[in-house]
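Next come the chains, spelled out residue by residue.
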Amino acid sequence: MTKVVVVYHSGYGHTEKQAKAVLQGVEAVNGVHGTLISVTEIDQHWEKLHQAHAIIMGAPTYMGSVSAEFKKFMEATSKFWVDQKWKDKLAAGFTNSGSQNGDKLNSLVELSIFAAQHAMIWVSLGLLPGNNSSTGSINDMNRMGAFLGAMAQSNVDQPADVTPFQSDLDTAKHLGKRVAELAQQFRK
Ligand SMILES: Cc1cc2nc3c(=O)[nH]c(=O)nc-3n(C[C@H](O)[C@H](O)[C@H](O)COP(=O)(O)O)c2cc1C
């Protein structure tokens, strides 16, 4: 069975909601097993990451970069970076922030460089931008217009049961499905 792990951090639940949508996309693909892991519990789960064919990583954007908790996870992987243990696994990323822009592209850049350091193969979002024409709307998938990964925006005055928008969750689900399908192809 093809194994895909979604590893994430979320301080207040919004990125967790996005991570769960990514997992839904993974689990929509027959023959693929998805696992959701919070970096706060990573020490019990390293082996699952080592066994995975693809690892999808997500963090909220805090102060223009991935959250410190997620960065702690990234640095902890240096233990096996030295042996390039994750070489040729697929990788992809997602992030969520309060502002429409909020400098969250930087978080995806960080995640993609991290994947490259591990000699992983980065999977892009694979969607054209939404909400960029006179007929577009905030309900379009990829309303944030990203290519490198899935972006979400959560209103800062609303809890995670209300925000981010369904369009961002659909975008996250798309990324999970795309990675799962590619992981299956790549294994052949
Ligand atoms: C310490 C901190 C720094 C933040 N920095 C940014 C930022 O640089 N850009 C932005 O748009 N939002 C920023 N935000 C807002 C969060 O990205 C936003 O509230 C997000 O939904 C939080 O996700 P979470 O609930 O998964 O933690 C910041 C929030 C916190 C707590």
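See the structure shown above.
The structure displayed is predicted, hence computed values, not measured ones.

Analysis parameters
Residues numbered from 1 in each chain as written. Predicted model: local features only at pLDDT ≥ 70, side-chain atom pairs only at ≥ 80, totals over all residues. Heavy atoms only, no water. Phe/Tyr/Trp six-rings, centres within 6.5 Å; stacked < 30°, edge-to-face > 60°. Helix = DSSP H or I, 4+ residues; strand = E, 2+ residues; numbered from the N terminus. Buried < 20%, exposed > 50% of the residue type's maximum accessible area, 1.4 Å probe, protein only. Core = buried A, V, L, I, M, F, W, Y, C linked by side-chain atoms within 4.5 Å. Contact = heavy atoms within 4.5 Å. Arc of directions from axis to C-beta. Patch = residues over 30% accessible without salt bridge, like charges linked within 9 Å, V, L, I, M, F, W, Y side chains within 5 Å. Areas by Shrake-Rupley, 256 points an atom, 1.4 Å probe, with all protein chains shown as cover. Salt bridge = Lys/Arg side-chain N within 4 Å of Asp/Glu carboxyl O. Near = heavy atom within 4 Å. Polar contact = N/O pair within 3.5 Å; in protein donor to acceptor, adjacent residues only side chain to side chain. Nonpolar A, V, L, I, M, F, W, Y, C, P; charged D, E, K, R; others polar.

Caption draft 1: Region of interest: the packing of aromatic side chains. Using the criterion set out here, one finds five aromatic pairs in the structure. Residues Trp46 and Phe73 carry aromatic rings whose centres are separated by 5.6 Å and whose planes lie at 10 degrees to one another, so their mutual orientation is stacked. You can see Trp46 sitting in helix 2 (residues 46-51) and its partner Phe73 sitting in helix 3 (residues 68-76), a full 27 residues away along the chain. For the pair shown, Trp46 and Phe73 are each scored as buried. An aromatic cluster is present here, built from Trp46, Phe70, Phe73, Phe80, Trp86 and Phe114 joined pairwise through their rings.

Caption draft 2: Spatial organisation of the nonpolar core. Within the largest apolar cluster, 26 residues are counted, with the highest numbers of intra-cluster contacts made by Val7, Leu49, Ile55, Met57, Phe70, Phe73 and Trp86. Of all the elements in the fold, those that place two or more residues in this core are strand 1 (2-8), helix 2, strand 3 (54-62), helix 3 and helix 5 (105-117). In terms of residue count, helix 5 provides more of this core than any other element does, four residues in total. Apart from the residues lying within four places of it in its own chain, the contact partners of Met57 are Val7, Phe70, Ala91, Ala92, Gly93, Phe94, Leu111, Phe114, Ala115 and Trp122.

Caption draft 3: Quick peek at helix 3. Those residues of helix 3 not exposed but buried are Phe70, Phe73 and Met74. Considered in projection along helix 3, the buried side chains sweep an arc of 100 degrees and stay on one side of the axis. Exposed residues pointing more than 90 degrees away from the buried face of helix 3 are listed as Ala68 and Lys72. Residues of helix 3 that are buried in the fold lie against strand 1, helix 2, strand 3, strand 4 (65-66), helix 4 (78-81) and helix 5.

Caption draft 4: Seen up close, unusual backbone geometry. Residue Pro164 is reached from Thr163 by a cis peptide bond, and omega for that bond is 10 degrees. Locating Pro164 in the fold gives a position in the loop between strand 7 (150-153) and helix 6 (166-187). Of note, the phi angle at Asp88 is positive, near 70 degrees, even though the residue is not glycine. Its relative accessible area of 41% is what places Asp88 among the partly exposed residues.

Caption draft 5: Representation of a nonpolar patch on the surface. Nonpolar side chains collect at one region of the surface, where Tyr12, Tyr62 and Met63 lie side by side and expose about 450 Å² of accessible area between them. Its place among the elements puts Tyr12 in the loop between strand 1 and helix 1 (14-27).

Caption draft 6: Up close: the site of the ligand. The environment of the ligand is made up of 17 residues, and the closest members are Ser10, His14, Thr15, Tyr62 and Met63. Within the backbone of Gly11, a nitrogen or oxygen atom sits 2.9 Å from an oxygen atom of the ligand. Between His14 and the ligand, the recorded distance is 2.6 Å, taken from a side-chain N or O atom to an oxygen atom. Coverage of the ligand by the protein chains reaches 78% of its 650 Å² of free accessible surface. For the shell around the ligand, the secondary structure elements donating two or more residues are helix 1, strand 3 and strand 5 (90-97). Tallied by class, residues from the shell around the ligand come to four nonpolar, 13 polar and no charged.

Caption draft 7: Examining the side chain of Asp168 more closely. Topologically, Asp168 is positioned in helix 6. Given a relative accessible area of 1%, Asp168 falls into the buried group. Looking at Asp168, its side chain comes within polar contact range of the main-chain nitrogen of Gln153, at 3.0 Å. Residues within four places of Asp168 in sequence aside, it is in contact with Arg143, Met151, Ala152 and Gln153.

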